[in-house]
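# A closer look at the structure
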Amino acid sequence: MSDYTDTLPSIRWPDARRSSYDVVIVGGGGHGLSTAYYLATRHGITNVAVLEADYIASGNTGRNTTIIRANYGIPEAIRFYQHSLELYQHLEEETGAAILHQTKGIIWLAHTETAMRTERARCLMNTACGATTVMRSPAELKELVPELDLTGGDRYPVLGGSHHVEGATARHDRVAWAFASGAARAGVDVFQHTPVTGLVREGDRVVGVQTADGPISAGVVLSAVGGRVTAMAAHAGVRLPVRTHPLHAFVTNDYAQGFSPIVASTELMCYISQTERGQMLIGAEFDSQPSYSRQSSFAALRSYAHKATRFLPFLRDLRILRTWAGICDISADYSPIMGATGVDGFLVTTGWGTWGFKAIPAGGEAMAELIATGRPPALIAPFALDRFRRDHALADQGSAGTR
Amino acid sequence: MLWLDCPRCGRRPLDEFTFGGERRAVPASIEGADERDFDEVWVFENPDGITTERWFHTAGCRRWMTVRRDTARDEVVEVLEALP
């Protein structure tokens, strides 16, 4: 046994399936499991089932680059993600599960005057809304990241950057396990390998889900599906402003030095951090064309490697060890969609694009409150699906770290 | 998907092209002016399978083409010079 496995939370798996639950959550990723956890622990609602088609965290929860940050560009998003970042800081003590959370700071490099203006505005907006983000000069950046090539390979000079001091990483599958074990301990049933094949409707209302082993009745069905949410919502007659795009990532072999901050470039659309195992983890923008394929593409890896080695030349000496891809639900305004759908009994938490991991605690906490009280908490009210009908889209593409 | 067969220029690397979005029409089953507006402006069909979309050959002939593509595997099925 090692410290690594000793601190794994164990999960109480259910023996049998009930024919009816107060709440059925479709999707055993971070958002589905955290919603179940907060329903049980904050609101005493334990007659809850989470149905996962594969194994828990097998989707984007276990495929992202594990970055936790709140340096967004609009007040609604900054407040929401800052709250999530703070929940993450206390998640280990709350759940008793080691999620390997590390506050490292995240640096967004600017290579042009236009990007400098954007980052200055970001710092002001973040400060006004409760997130700690400060501008750094090239010399200060070099001190924070000695490996940084300030000339950007003579192509992308570093003029400065914003430093989001509380930026962090955590081990992604452990976050899912922490919420799953905590929810199960409180009485929630978490089922793996249980795909939901349809929704049960009575008139205009959703009253349950269909599975291969028959239907399950539900007071409320929450779709926390990642990747195939368009098809899931269509079962309820709900149409979504979402496109599903692959995003690729890779890790290198070990870098023998510690590399503490997370470094990203807003213009090159590329982000680099070190995993707890010492590997360098690199991700970038999603594919321009939608697809449900999780095949890693050589074109993407070549492009990411080219970008990352511009400003961190030491990466040239490393080798790509492992590659993978996830499929991201990119909403039309690059903000998440949480809450009511217009169909009674059917809620969604979706549109998590490339920004879902950092939102797992706050998203789950807020969706649990919505289910328990019937009212969306102020933190997520702006993110309702009907914002598009009301002409209140929350455009924040510039903060997605991707495009 | 690494290459695209431009009807005018032949087989070219994908980075020469710009994705122009899916080609769709609001389904006849959507009723009411507001709902049809919402659908037209915001909704994507986002199918897990064959889709019809527009691509622009940015670094080539600088003209539009229509591509039928299987999103399940991200593979081109057919490229058409004109609108379908």
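Everything below is about the structure shown above.
Now for a quick tour of the structure.

Thresholds applied
Residues numbered from 1 in each chain as written. Chains lettered and ligands numbered in written order. Predicted model: local features only at pLDDT ≥ 70, side-chain atom pairs only at ≥ 80, totals over all residues. Heavy atoms only, no water. Helix = DSSP H or I, 4+ residues; strand = E, 2+ residues; numbered from the N terminus. Buried < 20%, exposed > 50% of the residue type's maximum accessible area, 1.4 Å probe, protein only. Lys, Arg positive; Asp, Glu negative; His and termini not counted. Charge placed at Lys NZ, Arg CZ, Asp CG, Glu CD. Rg over C-alpha atoms; globule rule 2.2 N^0.38 Å. Contact = heavy atoms within 4.5 Å. Pairing = 2+ DSSP bridges. Axes fitted to C-alpha atoms, helices over the stretch in contact; angles between N-to-C directions. Core = buried A, V, L, I, M, F, W, Y, C linked by side-chain atoms within 4.5 Å. Patch = residues over 30% accessible without salt bridge, like charges linked within 9 Å, V, L, I, M, F, W, Y side chains within 5 Å. Areas by Shrake-Rupley, 256 points an atom, 1.4 Å probe, with all protein chains shown as cover. Salt bridge = Lys/Arg side-chain N within 4 Å of Asp/Glu carboxyl O. Buried area = accessible area lost by both parts, 1.4 Å probe. Polar contact = N/O pair within 3.5 Å; in protein donor to acceptor, adjacent residues only side chain to side chain. Nonpolar A, V, L, I, M, F, W, Y, C, P; charged D, E, K, R; others polar. Expected span 1.5 Å × (residues − 1).

## Regarding the overall build of chain B
- Regarding its fold elements, chain B presents 1 helix and 6 strands.
- Secondary structure of chain B in N-to-C order comes out as β-β-β-α-β-β-β.
- Its C-alpha atoms put chain B at 45 × 25 × 20 Å along the principal axes.
- In chain B, buried positions account for 36% of the 84 residues.
- Computed over 12 positive and 18 negative side-chain charges, the inter-centroid distance for chain B is 9 Å.

## Brief notes about the overall build of chain A
- When its secondary structure is counted, chain A shows 11 helices and 19 strands.
- The globule rule puts the C-alpha radius of gyration for 403 residues at 22 Å, and the 21 Å found for chain A is close to it.
- Put simply, chain A has 403 residues, and 59% of those count as buried.
- For chain A, contacts bridging at least 24 residues in sequence account for 78% of all contacts bridging at least 6.

## Details of the sheet that holds strand β5 (residues 106–110) of chain A
Residue and element names in this part refer to chain A.
- Reading across the sheet, the 8 strands line up as β6-β7-β5-β14-β15-β16-β13-β17 and stay open at both edges, with mixed pairing between neighbours. Strands at the two margins of the open sheet, each flanked by one partner only, are β6 (133–136) and β17 (320–331). Strand after strand, the sheet turns through a mean of 20° between neighbouring axes, direction not considered.
- As defined by bridge partners, strand β14 (residues 262–265) adjoins strand β15 (residues 270–274) across 3 bridges and the pair is classed as antiparallel. By the bridge assignment for β15, Val 263 is matched with Ile 272.

## What to know about the nonpolar core
- One finds Ile 25, Phe 80, Tyr 81 and Leu 312 of chain A to be the most contacted residues of the largest nonpolar core, which totals 95 residues.
- If you look at the next biggest cluster of nonpolar residues, it comprises 30 residues, including Leu 51, Val 196, Ile 337 and Phe 346 of chain A.

## Some words on a nonpolar patch on the surface
- Together, Phe 298 of chain A together with Leu 2 and Trp 3 of chain B line one region of the surface with nonpolar side chains, adding up to about 340 Å² of accessible area.
- Looking at where Trp 3 of chain B falls in the secondary structure, it is placed in strand β1 (residues 3–6).

## Here's the deal with the pairing of strand β10 (residues 196–202) of chain A
- Looking at chain direction, β10 of chain A and strand β11 (residues 205–211) of chain A are connected through 6 bridges and run antiparallel. Counted as the bridge partner of Val 196 of chain A is Thr 211 of chain A from β11 of chain A.

## Considering the environment of Ile 337 of chain A
- The residue Ile 337 of chain A is located in strand β18 (residues 337–340) in this model.
- For Ile 337 of chain A and Ala 184 of chain A, which are 153 residues apart along the polypeptide, the C-alpha to C-alpha distance reads 26 Å.

## Digging into the sheet that holds strand β3 (residues 18–22) of chain B
Residues and elements named next belong to chain B.
- Strand order in the open sheet made by the 4 strands is β3-β4-β5-β6, with antiparallel pairing throughout. The sheet is open, and its two borders are formed by β3 and β6 (75–80), each paired with just one other strand. The mean angle between the axes of side-by-side strands here comes to 35°, regardless of whether they run parallel or antiparallel.
- Where β3 lies against strand β4 (residues 50–56), 3 bridges are found, and the strand directions are antiparallel.

## Examining the interface of chain B and chain A
- Tallying the contact residues gives 25 residues for chain B and 21 residues for chain A.
- Surface buried jointly by chain B and chain A totals about 2,000 Å² across both partners, of which 55% is contributed by carbon and sulfur atoms.
- Per-residue buried area on chain B facing chain A is highest for Trp 42, Phe 44 and Asn 46 of chain B; these three make up 35% of the total on that side.
- Where chain B touches chain A, the interface holds 5 salt bridges.
- A salt bridge links Arg 389 of chain A to Glu 35 of chain B, with the shortest nitrogen-to-oxygen separation between them at 2.7 Å.
- Connecting chain B to chain A are 13 residue pairs in polar contact (both at pLDDT 80 or more).
- Elements with a contribution of two residues or more to the side of chain B that touches chain A: β3 and α1 (33–42) of chain B.
- A class-by-class count of the residues in the side of chain B that touches chain A yields 13 nonpolar, 3 polar and 9 charged.

## Comments concerning helix α3 (residues 75–89) of chain A
- Over its 15 residues, α3 of chain A runs 21 Å from end to end, which matches the ideal 21 Å to within 8%, given 1.5 Å per residue.
- Looking only at α3 of chain A, the buried set comprises Ala 77, Ile 78, Phe 80, Tyr 81, Gln 82, Ser 84, Leu 85, Leu 87 and Tyr 88 of chain A.

Shape descriptors only; they carry no functional weight alone.
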